[in-house]
Structures are given as C-alpha cells and as structure tokens.
Amino acid sequence: MMAAELAQLAQDIKLWARELGFDQVGITDTDLALEEPRLQAWLDAGHHGTMDYMARHGMMRARPFDLLPGTLRVLSVRMNYLPFEAGFAATLRDPTLGYISRYALGRDYHKVLRNRLKQLGERIERRCAELFHTTTDPMGEWRPFVDSAPILERPLAAKAGLGWVGKHSLLLNESAGSFFFLGELLVSLPLPLDAPVEKEQCGKCVACINICPTGAIVAPYVVDGRRCISYLTIENDGPIPEEFRPLMGNRIYGCDDCQLICPWNRYADASPEPDFSPRPNLHRPPLIDLWGWSENEFLKHTEGSPIRRIGYQRWRRNLAVALGNGPATPEVMAALQQARPGAEPMVAEHIDWALATLARRQQDENKKTRLLIRCIEKGLPDHA
C-alpha cells in the first residue's frame, strides 16, 4: 500500500471513528520502552495491592506487539461518558445517598467501546480489501481492547496525541478534561503516526493530590492503589482497612474527587451516548434502599452494568461502610442489626464497624445536646 493510500486510510479511519461515536482517535506505534522502568518501580513498591494480574503480566503491558505479534500501530480512541445530569455535589453532600463513580451509572463501557472498535476494525478490513481488490485478509491480524488485556492505555493514548497523563495518573485533554473512556485497536498496517501533545499542562497545580480523601496520590503521577477508594471499593476483594473507612464517606463504587477538582474538567463535555445515561436506581440512590436489595435484586438492577462485577458481598461491604459514615437514625441502626445474624463474615465485620461508629456518633451528639441544654438553662449564649 502506497504512502498516499495509507494517509487517506488514516483520515478515513478518523471519520469512521467519529461516526461510530468516538470523540477522538489517534495513531501511534508500539514503543513504550520509556514506560517500563516506571511500571517496574510501581510494581516493586507494591502499589498494585492485591491486583496480582498487574505483576503477573509484567512488562507485557508496555509491549503491545507481544499481545498481537505483527502489530505495527495502535489506534487509540476516547469516548466521553459524563452524563448531562451528573449530580456530583448534590450526592456527595448528602450522607444518606450512595455515590457511584459517574462512569458506572449506565451500561458497561467495556461492551459499548469494544463493540464499536470491532465495527471500526471490520470497516478498515473492508477498505483494505477494496484497495487490494481481494477477498483474502490484506489487513492482517487486528484486535480491539478495552481494559481487557495487559496494555498501558494511557501512555499509548498520550503518544497518539489524545492528551497527557496528569498528576492523578489519568489522561487529560485540554478541550475535554478527563471524563472519557479509552480503547485500543491493534493493527498491522504502517499508518502515519499522530504527534503527541508537546508537553503536559498540569503546571504547578496539585489540586488532585490535595483533594484525595485517602492520600492515594503519593507523588505526582504515582497512585498507591492500596489507598485509592476506587481500588478499595472495586478491585479489593477483602476487608477495607479501618483507617480508610471513615474517609470514604458515602462513596460506594469508585471515586471521582481527583477529577472533580481538576481545572481542566471545566471543559468536559456531556455525552449524548444513551448507553451512558444514568440508571434511575443508581443515580442519587438512598443508601437504605440499596441496603434492602436481595442478591437477586442486586443482579437484576446491575445487569449490563460494570457494578455487577464486584458481586453482592463486596457491594454489601461498601454499603455498610457508607451507612456507618451517615446519620445514626433508628432506621439505619435497625437495618444493620437485622442483617447482622445472616451476614457473610466479611460483611458482618463491616456491619459491626458501622454499628459501633454510629453508636459513638450517637453518644457524641447526645453529649452536645445535653451541654447545649445546660448552657441554655444557665442563660449562656448557644455558642458557649
């Protein structure tokens, strides 16, 4: 295939990607050699926690050509997911509601993006067949990935010109912020490369580092997964360390704090993609209602959602922590006490913590009330 044909094909690919709902696509090579020392240092520090698969695949994550021999280019795509009615502040401010990371309010993005990438690959395949006037496979092997293989998607996206990696380790785009999904299509075509962003544009800003509830961003560009609320509520399959439970607030699946504080997200666009529209029962849901779900109800309400992957027990574990961080109402106390006898050991541990926490809070509030009453009786001002 001639250089002019490859250049035209690259332009066509970007047009087709937009037609399929992607907001941007960039083309890069497979060389991530500069990322290997950083990845190894991150693994050596144990920042991956119990995500054994991170260490198991080792440096393969930085070598896309090992995933698909013959790969010459990576088509890196992004798709915005921010819903029109995100309701960030209103949910986080109300401790009786459950906060779910905005990316998980709709349909599972893995399925959405992978299906679109597959369609893009098939379209490229057809165009190659037309150019070569053959019904054989002139394009060679190709494969789509969406968090489904050991691949460093953010460095690849940065090399492809989709943005730069911010201090919170997420990809940032100057016109779209960071509320978008990434996906990759590995191909064996020598397409022309796109230029990366000249330099990262975080400057001296450390807002994401300072805002993190658990101090998970231990250095610029370095996240200790063991402290991250997204890891603790999703990837972690065991008990949540007690030191982090009070810091989680009402976050029951993931966390968006480092993105919410980022100045670049002033430019984030809402997504018109209907698959990413919030499900009513997951958007600003009362915690007590979610706690009342049986396992069958959980499976029904999370069908086709990324939330289902954590399973019912981890879901209950997260809810117990959020309830423990909320108001000590008789309804909440009774619901936790009622669930305690039949709870699985891990969930039972978190129920016990929640009940003890609520009891202490109740005692503190009672002390304040008694003190206020004494002050009023003595004629002292309310703030004394």
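In the block above lies the structure referred to throughout.
Notes on the structure follow. Computed from a predicted structure; not experimentally measured.

Let us now look at the sheet that holds strand 1 (residues 24-28). Reading across from one edge, 1-2-7-4 is the order of the four strands in this open sheet, with antiparallel pairing throughout. Here the strands that pair on one side only, and so sit at the sheet edges, are strand 1 and strand 4 (143-145). Pairwise comparison of adjacent strand axes, ignoring direction, gives a mean angle of 20° for this sheet. Looking at chain direction, strand 1 and strand 2 (residues 73-80) are connected through five bridges and run antiparallel. Note that in strand 2 the partner of Val25 across the bridge is Val77. Its contacts with the sheet put helix 1 (residues 3-19) on strand 1 and strand 2, and the angle it makes with strand 1 is roughly 145°.

For the rest of this paragraph, the subject is the packing of aromatic side chains. Under the counting rule described, the total for this entry stands at 14 aromatic pairs. Their ring planes at 75° and their centres at 6.5 Å tell us that Tyr81 and Tyr103 sit as a pair that is edge-to-face. Of this pair, Tyr81 sits in the loop between strand 2 and helix 5 (88-93) while Tyr103 sits in the loop between strand 3 (99-100) and helix 6 (109-132), placing them 22 residues apart in sequence. Of the residues examined, Tyr103 reaches a relative accessible area of 19% and is grouped as buried.

Conventions adopted
- Residues numbered from 1 in each chain as written.
- Predicted model: local features only at pLDDT ≥ 70, side-chain atom pairs only at ≥ 80, totals over all residues.
- Heavy atoms only, no water.
- Pairing = 2+ DSSP bridges.
- Helix = DSSP H or I, 4+ residues; strand = E, 2+ residues; numbered from the N terminus.
- Axes fitted to C-alpha atoms, helices over the stretch in contact; angles between N-to-C directions.
- Contact = heavy atoms within 4.5 Å.
- Phe/Tyr/Trp six-rings, centres within 6.5 Å; stacked < 30°, edge-to-face > 60°.
- Buried < 20%, exposed > 50% of the residue type's maximum accessible area, 1.4 Å probe, protein only.

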